[in-house]
Amino acid sequence: MQNEPKKEITGTYYVQDRKSLQELERLTIQGQMMTREMGGLLPEQEDPSRFQRVLDIACGPGEWIIEMARTYPHMTLIGVDISSSMIEYAREQARVQHVDDRVEFLVMDALLILEFPAVFFDLVNLRCCVGFMRTWDWPKMISEMRRVTRSGGIVRVADAEAEAGHTRNACPALTQFSTLFCQALYEAGHLFEAVPSGLTAHLVPLLQRHGCRNVQTRTSPMIYQAGEPSGEAFYRDMKRAFQTLRPFILKWSGKPQKDEYESLCQQALEEIQGSDFYNTWNMHTAWGIK
Ligand SMILES: C[S@@+](CC[C@H](N)C(=O)[O-])C[C@H]1O[C@@H](n2cnc3c(N)ncnc32)[C@H](O)[C@@H]1O
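Residues numbered from 1 in each chain as written. Predicted model: local features only at pLDDT ≥ 70, side-chain atom pairs only at ≥ 80, totals over all residues. Heavy atoms only, no water.

As recorded in an unreviewed UniProt entry, the chain goes by the name Class I SAM-dependent methyltransferase, listed as coming from Ktedonosporobacter rubrisoli.

> Any chance you could break down the site of the ligand for me, citing the residues and the numbers?
Surveying the vicinity of the ligand reveals 17 residues, the closest of which are Ala58, Asp81, Asp109, Ala110 and Arg127. A distance of 2.7 Å separates a nitrogen atom of the ligand from a polar backbone atom of Ala58. Asp81 has a polar side-chain atom sitting 2.7 Å from an oxygen atom of the ligand. When the free accessible area of the ligand is taken as 600 Å², the share hidden by the protein chains comes to 98%. Grouping the amino acids of the shell around the ligand by side-chain chemistry returns eleven nonpolar, three polar and three charged. (Near = heavy atom within 4 Å. Polar contact = N/O pair within 3.5 Å; in protein donor to acceptor, adjacent residues only side chain to side chain. Areas by Shrake-Rupley, 256 points an atom, 1.4 Å probe, with all protein chains shown as cover. Nonpolar A, V, L, I, M, F, W, Y, C, P; charged D, E, K, R; others polar.)

> Give a detailed account of the UniProt feature "domain: Methyltransferase" (unreviewed entry) in the chain, specifying residues and quantitative values.
Listed under "domain: Methyltransferase" (unreviewed entry) in the UniProt record, and renumbered for this structure, are residues 54-153. Between the C-alpha atoms that bound residues 54-153 the distance is 10 Å, and the span itself is 33% helix and 27% strand. (UniProt positions renumbered as here; feature names shortened; annotations may be inferred. Helix = DSSP H or I, 4+ residues; strand = E, 2+ residues; numbered from the N terminus.)

> Talk me through the packing of helix H1 (residues 21-38) against helix H7 (residues 229-244); I want residue IDs and the actual numbers.
Close contact between H1 and H7 brings their axes to 9 Å; oriented N to C, the two are set at 145 degrees. Considering the relative orientation of H1 and H7, their crossing is left-handed. From H1, Gln22, Glu23, Glu25, Arg26, Ile29, Gln30, Met33, Arg36 and Glu37 reach across to H7, where they touch Ser230, Ala233, Phe234, Arg236, Asp237, Arg240, Ala241, Gln243 and Thr244. Tallied by class, residues from the contact of H1 with H7 come to five nonpolar, five polar and eight charged. (Axes fitted to C-alpha atoms, helices over the stretch in contact; angles between N-to-C directions. Left-handed = near helix turned anticlockwise from the far one by under 90°. Contact = heavy atoms within 4.5 Å.)

> Provide a residue-level description of unusual backbone geometry, including the pertinent values.
Look at His98: it is not a glycine, yet its phi comes out positive at around 60 degrees. Position of His98 among the secondary structure elements: in the loop between helix H3 (84-96) and strand S3 (103-107). Overall, the relative accessible area of 65% leaves His98 in the exposed class. (Buried < 20%, exposed > 50% of the residue type's maximum accessible area, 1.4 Å probe, protein only.)

> Quick one: what's the story with the nonpolar core, residue by residue and with numbers?
Membership of the largest hydrophobic core comes to 72 residues, with the highest contact counts inside it found for Leu55, Ile57, Phe116, Trp138, Leu174 and Phe234. Counting residues per element, this core draws most heavily on helix H5 (residues 172-187), at eight residues. Formed by 24 residues, the second largest nonpolar core is a distinct cluster that contains Ile66, Met68, Ala69 and Ile289. (Core = buried A, V, L, I, M, F, W, Y, C linked by side-chain atoms within 4.5 Å.)

> Please set out the confidence of the model for the chain residue by residue, giving values where relevant.
With 97% of its residues at a pLDDT of 70 or more, the chain shows a mean pLDDT of 93. Below pLDDT 50 for its whole length, residues 4-8 participates in five contacts with residues either more than four positions away or in separate chains. (pLDDT = per-residue confidence, 0-100.)

> Kindly report on the environment of Trp64, identifying the contributing residues and their values.
The topology assignment puts Trp64 in helix H2 (residues 63-71). Taking the relative accessible area as the measure of exposure, Trp64 reaches 2% and is therefore buried. Sequence-wise, Trp64 and Leu174 are 110 residues apart; in three dimensions their C-alpha atoms are separated by 27 Å. Setting aside residues no more than four positions away along its own chain, Trp64 makes contact with Thr35, Leu41, Leu42, Val54, Asp56, Leu123, Asn125, Arg127 and Arg156.

> Got a sec to walk through the pattern of salt bridges? Specific residues and values, please.
Counting across every chain of the model gives 13 salt bridges. Between Arg70 and Glu67 there is a salt bridge; the shortest N-O distance is 3.3 Å. Taken as a pair, Arg70 and Glu67 lie in helix H2 at a separation of three residues, close to a single helical turn. Using a relative accessible area of 45% as the deciding quantity, one classes Arg70 as partly exposed. When its relative accessible area of 29% is taken as the criterion, Glu67 is described as partly exposed. Beyond isolated ion pairs, a larger network of salt bridges with shared partners links Glu23, Arg26 and Asp237. (Salt bridge = Lys/Arg side-chain N within 4 Å of Asp/Glu carboxyl O.)

Shown next as structure tokens:
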């Protein structure tokens, strides 16, 4: 497959610095957290062993697709991402984990075209894409996902609600951050409505409207709790998210000044480290048949 990056243009992703080490770390932590808390790689698919060729769009550091390769030794898999740093890191991880003979990573802007032949894959996955997909990008994306999927194959989209979860105890700063994040996503065109479910509630109708059959959905509540590894991972994830998302939130939410933002994030980190912290974050998966 052709693998030279096109010239680096400003993308639509909410972290503009494609070489950000913090973002790479954040996506690694978040990817592992999501796979674990969702109950596995493809918890909603009855028989994943029927998939031979798998494409992961916007694969980030490659956590999901490398774990897919380790779990299903009969599969051949391709991950694509717009960031050459993510792709280089993912290739190295695949080498370290001895799956580089079956997993290929390519730099690709998925908003342009998926550079693959038609009817090529059994499963095409797009997880956590709200950060670069705008509402008007969906028709073309789904149509491209369907084009490269074989007849009877699966088109799968998964994303979390656009907030940092529902807390059981009072977490005013984390709640305020979530409101700002949601507003910024909406203003930048990534949500259909300015509510946390502003993308996830639309996944099923989007897949149906753009040609997928038998569309189904699954909601996985991901639980982050003080004193548990999940709570620690959530802290490490959010600590980086507060930094890497800062320019996006300050630009699009139109609310806090830089200093106010910093103290809000500091307060939110203290809340997350509280001994009674308990947070659930809903992940939605929608999938349909080509
Ligand atoms: C939130 S991460 C999701 C990573 C992975 N899918 C996961 O679920 O863990 C979003 C990824 O989208 C990538 N991205 C942003 N714009 C893109 C585009 N136009 N084409 C392909 N990838 C893109 C980013 O570089 C980032 O790695």
